[in-house]
Amino acid sequence: MDIYLHNTLSGEKELFKPIKKGLVSMYHCGPTVYDTPHIGNYRTFIMNDLIRRAFEYNQYEVNQVMNITDVDDKTINKSREEKVPLKNITQRYEKLFLEGLDCLNILRPTSLVRATEHIADMIRLIEILRDKDFAYRAEDGVYMRVDKIKNYGSLARLDLSHAGQTHERIANDEYDKEKPHDFALWKFKSPEDGDIFWNASFGQGRPGWHIECSAMAMKELGPTLDIHTGGIDLVFPHHTNEIAQSESATGKTFARYWIHGAFMTINREKMAKSKNNVIKLDDLKKESISPLSYRYWLMTAHHRSLVDFSYNTLHAAQTGLIRLIKIVASYPDGGTIIPDYQQRFQTFINDDLDLPQALALAWELIKDGSYSAADKKASLLDFDRVFGLKLASAPRAEYQDIPAEIQALGSARQQARLEKDWAKADALRAEIEARGFVVSDTPEGMTIIAV
Ligand code: AMP
Ligand code: ZN
């Protein structure tokens, strides 16, 4: 079945065509390991996981590379602040990052690559750029000559008409879209960097953040990848500069599809460490919100829509997930996947990863009275290959007895259905649900499940 993805390059939803039939190569910009990731970061990592799972659902083999940024301005600053070697910092936060992936049921990428283990590839790439005259040496580092690059900034739709060709340089890895500058590929050794430097033909120093990803992506996946992803904030300058470096070096398209996830905001402001408004997985735990409830909540919005954090909506999502898990556990095993539902599910997933519709379909199936409970269960567990909500994991001991008054409402609803009084039956269902129970119809009858 065809897969459609919104591509930032064209600004449109496009039919996905892999470079190699049946195989998809993806590169995700991973975490900078100088602090525990916040749940905004994990929003982007969950998006990556959903993309991978959707391709696997479509029987693709997935070659999924994520990097760990373990040397850059932020990691070095942190190691100076704490007066401990860089490795102590990066190993500590890499471990925490991986634990977070596991809690959120994010599958470990097929390869995780660390910047510090690819320095030679970065140096080689800078040498190619230097030999092709795209890179030049300045007093504090080696820089990319931006005005030599055709279509520089097309991913971010930069308007360069007012920029002038100033040849101004910027040593920082992050800067403003209004001022596209020549940017640093390599930063010469400085007193602040202490012993963090490597030898290179163009001078001792360390890589800039952008060259790290170009080098690692091409080393692992070749000059052209199918898909490259990240949060929307990476479009400029990071991904813009990755394209500039990679394509100037190889003369080939670097990535065919660029997928960018929208921000998670809090009080309508981007969640970011610099804004002091971050929430971490541990904070959720203190509020009794499980990481998988967070995952479920995110799936109720499209990955290209902003989501604004609130504990209220998260608690509501958690209630929904618990219901779903309990319903699945109440159904018997041994059923078969319902083809009609599977096809509709796949159509939603393949339509630019429409998880909100796919989740709504799961609920529609639960309410659909024309299929057996066992077949419903088989279908829901099939959907869960993409959802990643561990729907099969409900401990049966969690069940509560259904109180007599709720059972009475259920019997009244059955009676109303027999009498074809649909309005009354719906009203009774609403009443049962308002009291925290879920009604599920199957040909074998109705079940009521406690939340
Ligand atoms: P960093 O560790 O800062 O390099 O960020 C890791 C990933 O998280 C990147 O892909 C960012 O685009 C993404 N990211 C950062 N803040 C947010 C946010 N508030 N919402 C969604 N994604 C974010
Ligand atoms: Zn990157």
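Per an unreviewed UniProt entry, the protein chain goes by the name Cysteine--tRNA ligase. Checking UniProt for the protein chain, the heading Sequence similarities (unreviewed entry) contains the comment "Belongs to the class-I aminoacyl-tRNA synthetase family." What the UniProt record of the protein chain gives under Subcellular location (unreviewed entry) is the line "Cytoplasm".

Asks: Quick question: what am I supposed to make of the domain arrangement of the protein chain here?
Replies: Quite often, the size of an interface is put as the accessible area lost when its parts meet. Each domain of the protein chain was delimited in the assignment, giving domain 1 (4-261), domain 2 (266-393) and domain 3 (404-450). Centre-to-centre, using C-alpha coordinates, domain 1 lies 30 Å away from domain 2. Across the boundary between the two partners, domain 1 contributes 32 residues, which contact 40 residues of domain 2. For the pairing of domain 1 and domain 2, the buried interface totals around 3000 Å² over both sides, and the portion due to carbon and sulfur atoms is 59%. Area buried by domain 1 at its contact with domain 2 is led by Ile-39, Arg-43 and Tyr-57, which between them contribute 29% of it. Summed over the shared surface of domain 1 and domain 2, the result is 5 salt bridges. Note that Lys-13 is salt-bridged to Asp-351, the shortest N-O span being 2.7 Å. Run the count over domain 1 and domain 2 and you get 21 residue pairs in polar contact (both at pLDDT 80 or more). Of all elements in the fold, only β1 (4-7), α1 (39-57), α3 (86-103) and β12 (255-261) reach the threshold of two or more residues within the side of domain 1 that touches domain 2. For the side of domain 1 that touches domain 2, the element with the most residues is α1, which contributes 13 residues.

Asks: Would you mind showing me how to read the layout of surface pockets here?
Replies: Over the atoms, a rolling probe the size of a water molecule traces out where space has been left empty. In this structure, the largest pocket occupies an estimated 950 Å³ of space. Elements represented by at least two residues in the lining of the largest pocket include exactly α1, α2 (73-82) and α6 (235-250). If you tally residues by element for the lining of the largest pocket, the top one is α1, at 4 residues. Its residues placed into classes, the lining of the largest pocket shows 15 nonpolar, 11 polar and 10 charged. When residues of the lining of the largest pocket are assigned to domains, at least three map to each of domain 1 (4-261) and domain 2 (266-393). Considered as a void within the structure, the second largest pocket measures approximately 320 Å³ in volume. Contributing to the lining of the second largest pocket are 18 residues, with Ile-149, Lys-150, Asn-151, Ile-243 and Glu-247 lying nearest its centre.

Asks: Help me out: how do you make sense of unusual backbone geometry in this one?
Replies: Peptide bonds are trans in most cases, and residues, glycine excluded, mostly fall at negative phi. Omega for the peptide link from Phe-236 to Pro-237 comes to -5°, which places this bond in the cis form. In this structure, Pro-237 sits in helix α6. One non-glycine residue, Asp-133, lies in positive phi territory at about 65°. Mapped onto the fold, Asp-133 is located in the loop between α4 (119-131) and β6 (135-138). With a relative accessible area of 40%, Asp-133 lands in the partly exposed category. A positive phi angle, close to 60°, is found at Ser-288, a residue other than glycine. When you line up the elements, Ser-288 lands in the loop between α7 (281-286) and α8 (291-299).

Asks: Honestly, the pairing of strand β9 (residues 182-188) in this entry has me stumped. Any pointers?
Replies: Each regular strand displays side chains that alternate between the two surfaces of the sheet. Of all 7 residues making up β9, 7 are buried, and the element is well covered by its neighbours. Sheet topology note: the strand β7 (residues 141-144)/β9 ladder contains 3 bridges and is antiparallel. The residue bridging Val-142 from the neighbouring strand is Trp-186, located in β9. In this sheet, strand β10 (residues 205-207) lies alongside β9 in antiparallel orientation, the contact comprising 3 bridges. Pairing of Phe-188 across the sheet is with Gly-205, part of β10.

Asks: What is the right way to read the coordination of the zinc ion (ligand 2) from this model?
Replies: Note on metal geometry: ideal angles are 109.5 degrees for four donors arranged tetrahedrally and 90 or 180 degrees for six donors arranged octahedrally. Protein coordination of the zinc ion (ligand 2) is provided by Cys-29 (SG), Cys-213 (SG) and His-238 (NE2), with donor distances spanning 2.0 to 2.2 Å. Expressed as a motif, the donor residue spacing for the zinc ion (ligand 2) is C-x183-C-x24-H. With Cys-29 in the loop between β3 (23-28) and α1 and Cys-213 in helix α5 (residues 209-221), this pair connects stretches of sequence that are 184 residues apart. No difference in accessibility class separates Cys-29 from Cys-213, as the two residues are buried.

About the criteria used
Residues numbered from 1 in each chain as written. Chains lettered and ligands numbered in written order. Predicted model: local features only at pLDDT ≥ 70, side-chain atom pairs only at ≥ 80, totals over all residues. Heavy atoms only, no water. UniProt positions renumbered as here; feature names shortened; annotations may be inferred. Domains from an automatic or database assignment. Contact = heavy atoms within 4.5 Å. Buried area = accessible area lost by both parts, 1.4 Å probe. Salt bridge = Lys/Arg side-chain N within 4 Å of Asp/Glu carboxyl O. Polar contact = N/O pair within 3.5 Å; in protein donor to acceptor, adjacent residues only side chain to side chain. Helix = DSSP H or I, 4+ residues; strand = E, 2+ residues; numbered from the N terminus. 1 Å grid on protein atoms, 1.4 Å probe; cavity = no way out; pocket = protein on both sides within 12 Å on 5 of 7 lines; lining within 4 Å. Points joined across faces, edges and corners; volume = space filled by probe spheres on them. Nonpolar A, V, L, I, M, F, W, Y, C, P; charged D, E, K, R; others polar. Buried < 20%, exposed > 50% of the residue type's maximum accessible area, 1.4 Å probe, protein only. Pairing = 2+ DSSP bridges. Donors = N, O, S within 2.8 Å, 3.2 Å for Na, K, Ca; no water.

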